Amino acid sequence: MLLEDVEKGSVKVWLSNRLKSISDDDIADLNYKRVIGGFLVDAKYYVLRKCSDIDEIKDVEVVEEIETGIKEIAQKTGLNQLGCYTSPPRERLLRGLNKVGEAFEALEGNNSVSMSNSQGQILTLNKNFRLPLQSLDELCEGENIDNTTTVILKVRKPDFLGETSWIFKHGHEEIKAKITDENWLNRYLKGQEPIVPGDSLKVRLNSVATYDKNQNLTKTKHTVIEVLSVVHAENTPQTELLQ
């Protein structure tokens, strides 16, 4: 059956939104970017077709094959000639496929999902396809750059239990980081290191940046390994203590 024929009780509406959020005709008819429209249509069907041949992506070679195929489509459709094409970051590509696999879990019984393009070609999707999130790190392997610096981070959201990450501001950047300095955390949780709205922490911050094979930054993990001091905001009433 076609996607529209699958009862909403059998598959979440967002499955349809994920796979058909952009009409093929609407994409291809973008007058000012017809080339881009053709690329998006062809690339979408290419990726879904590759996933219809397998139940799970287990090898980096499969991901590289998909990336190469997308690049070849960009060249075939003339997108490269516009000078605006860059390969999609691997993690974003795989996270999208993870969402597709999660959506298939909502299918019941013998229900199936098919898609048709403007040429009348019908693609029956593999409802058994899955890409677990735990596989992403292995499939996104690239170069890791480890760096530890001393910085001052403004506290946006502290952790009152000592179990989750804090949220900080560093300039215009929001940083989510767990504090692993047990000595300071114990003092903080005992009320010996009060944090007032507007306060900052001077810390030793460890950052591990991961890049894929195309030198795209895929993720950055931050950890506060040592709290050097609390930098109190000026003229903040003590009645505004957070801890």
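Residues numbered from 1 in each chain as written. Predicted model: local features only at pLDDT ≥ 70, side-chain atom pairs only at ≥ 80, totals over all residues. Heavy atoms only, no water.

1. What about helix 4 (residues 60-76)?
Part 1 of the reasoning: Taking 1.5 Å of rise per residue, the 17 residues of helix 4 would be expected to cover 24 Å, and the 24 Å separating its terminal C-alpha atoms lies within 8% of that figure.
Part 2 of the reasoning: Where helix 4 is concerned, the buried positions are V63, I66, E67, G69, I70, I73 and A74. Angular distribution of buried residues about the axis of helix 4 spans 155°; they occupy a single face of the element. Relative to its buried face, helix 4 has exposed residues pointing more than 90 degrees away, namely E61, E72, Q75 and K76. (Helix = DSSP H or I, 4+ residues; strand = E, 2+ residues; numbered from the N terminus. Expected span 1.5 Å × (residues − 1). Buried < 20%, exposed > 50% of the residue type's maximum accessible area, 1.4 Å probe, protein only. Arc of directions from axis to C-beta.)

2. Focus on the sheet that holds strand 3 (residues 143-157)
Part 1 of the reasoning: Read around the barrel, 5 strands follow the order 3-4-5-7-6 and close on themselves; strand pairing throughout is mixed. In this sheet, neighbouring strand axes are inclined to one another by 50° on average, regardless of whether the strands run parallel or antiparallel.
Part 2 of the reasoning: Inspection of the sheet shows strand 3 paired to strand 6 (residues 200-211) by 12 bridges, in the antiparallel sense. Following the sheet pairing, N144 is matched in strand 6 by T210. (Pairing = 2+ DSSP bridges. Axes fitted to C-alpha atoms, helices over the stretch in contact; angles between N-to-C directions.)

3. Details of the confidence of the model for the chain
Part 1 of the reasoning: On average, the chain scores 78 in pLDDT, and the residues at 70 or more come to 80%.
Part 2 of the reasoning: The secondary-structure element of the chain with the lowest mean pLDDT is helix 1 (residues 13-20), recorded at 46, while strand 4 (residues 166-170) shows the highest, at 95.
Part 3 of the reasoning: Overall, residues 1-23 carries pLDDT values under 50, and its contacts beyond four positions in sequence, including any with other chains, amount to 43 contacts.
Part 4 of the reasoning: pLDDT under 50 marks residues 238-243. Its contacts with residues more than four places away, or in other chains, come to 15 contacts. (pLDDT = per-residue confidence, 0-100. Contact = heavy atoms within 4.5 Å.)

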